[in-house]
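This is what each chain is made of:
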Amino acid sequence: MSKTLADVVAAASWADVEAQSLEARRSILNFFATALGSARDPVVMAAMRTLSPFSGAATTTVIGHSQQMDAMCASFLNAVSANLLDFDDTHPETIIHPAAPVAAPVLALAETRRLSGREVLTAFILGVDIECRIGNAVSPRHYARGWHITSTCGIFGAAAACARLLGLPAEGIANAIGLAASQSAGNVENLPSAAKNVSVGNAARNGLFAALLAQQGYEAAPRAIEGPLGWARTMGDELDVARLLDGLGKTWEIAKNTYKPYPAGIVFHSVIDACLRLREQIGRRLDQIDAVTVEGSALLLARGDRPVNNARDARVSIHHCVACGLLVGKAGVAEFARETVVRPEIAQLRQKVRAERDDQMPDGAARVAVRLSSGEVIIETVISPRGSRAAPLADRDLEAKLREGVRTGQSDWSADRVIDAVRRLDTVDDIAELLESLRPPR
């Protein structure tokens, strides 16, 4: 299986993937937006302090900072910051967040090797395809079993993409994919903590590491993924080979990518949209809300029917999403920050929210009913929330998201420069020069 995937990665040309370059640039723009929004988050700063004494030559950009680090450290940090606020891109069929584990090492390696924008885009598209196809082949059981699929599958995309940038032949790319299988990790239980971001950062860094080892002649078992004691079986899954290989090299998973308008788990976006609509109908009667019922699939309840003790809990809470939509009328980064989470009126409304399972509702949909003190009940149902494939974000929305990320992340980077750089990525001869132009002088 590794060789089959590697053959496509090795053989694909710019002409094969050029039609996907617009979506790739949208994904990379969103990657910068989310990374800039977290650039100075305490989690990112703590990781920088931890890694700095061990970083090698300072060759690679840390997004949102003027300080550089080595490629592996920068890959880790940029993947962590891009994933930290639950605001990154999403592949709907698997709930993989494709860009963070792949874009981070691809940009880092391209910067150190002074590669072109087309080489970056080609490798990125191929890496996203590999991670999402492997995710397809084990979904939905893999995630339901407790494996954090962005981390566990993201490393395969990172390894394949970096091996492509290194110019490895198919055999070397296959070894990189097999080496990634030995390093795949991350669990869903850790989602409400910074430990989740460690596994995403490791997927980026260790995918690059796997490619570099393969370049030096390291080998892996040919069936490291699908063998009787391989990655899939070890993690408890039978590989769906048809879903893995269908259209390989002809259709591209990045075409399915979506982008979040809210920094919360994607299954909560319909809840937020419904509550924003309800707020308009309720008007000045918000103080008359007696109870709120949210109905959705088992997945919605499993992910979000939980108490809120901190800001991380809030980003995966049905109850807090309701409070933001109804009381604040917004659901941006500030609405999921600690200052909002602890507000008494927000906490009080969270206590009035009850979640109920409705097996007739598709994953990602929600029905929200608000009962007022008068006895009146107002209901809104959202099947396809804003940002979904049925209601995608426009380019201007992503650009606005990046500008907001620069503000909320307190970065001294120029939003206009980043937007312009990503727009013309396919025409750039040297990624190092491009990234240098984005970093403010030290």
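For the structure, check the block above.
A brief look at the structure comes next. For clarity, every value in this text was computed on a predicted model and none was experimentally measured.

## Quick look at the pattern of salt bridges
So, step 1. Here the structure, examined in full by the defined rule, presents 28 salt bridges.
So, step 2. As a salt-bridge pair, Arg423 and Glu399 come within 2.9 Å of each other at their nearest N and O atoms. Here Arg423, found in helix α21 (residues 415-423), pairs with Glu399, found in helix α20 (residues 395-408); they are 24 residues apart in sequence, far enough to count as distant.
So, step 3. Of the residues examined, Arg423 reaches a relative accessible area of 52% and is grouped as exposed.
So, step 4. Exposure remark for Glu399: the relative accessible area of 16% places this residue in the buried category.
So, step 5. In this structure, a network of salt bridges that share partners links the residues Glu93, Arg243, Glu253 and Lys256.

## Details of helix α1 (residues 2-11)
So, step 1. The set of residues buried in α1 consists of Ser2, Leu5, Ala6, Val8 and Val9. The buried residues of α1 occupy an angular sector of 160 degrees when the element is viewed end-on, so they sit on one face.
So, step 2. If you follow the buried residues of α1, they end up packed against α7 (117-138), α9 (149-165), α10 (170-181) and α13 (241-245).

## Focus on the nonpolar core
So, step 1. Within the largest apolar cluster, 101 residues are counted, with the highest numbers of intra-cluster contacts made by Phe31, Phe32, Phe124, Ile134, Phe156, Trp231 and Leu402.
So, step 2. When residues of this core are assigned to their parent elements, the largest contribution, twelve residues, is made by α7.
So, step 3. Core analysis: the second largest hydrophobic core is formed by 38 residues, Ala264, Cys275, Leu286 and Val316 among them.

About the thresholds
Residues numbered from 1 in each chain as written. Predicted model: local features only at pLDDT ≥ 70, side-chain atom pairs only at ≥ 80, totals over all residues. Heavy atoms only, no water. Salt bridge = Lys/Arg side-chain N within 4 Å of Asp/Glu carboxyl O. Helix = DSSP H or I, 4+ residues; strand = E, 2+ residues; numbered from the N terminus. Buried < 20%, exposed > 50% of the residue type's maximum accessible area, 1.4 Å probe, protein only. Arc of directions from axis to C-beta. Contact = heavy atoms within 4.5 Å. Core = buried A, V, L, I, M, F, W, Y, C linked by side-chain atoms within 4.5 Å.

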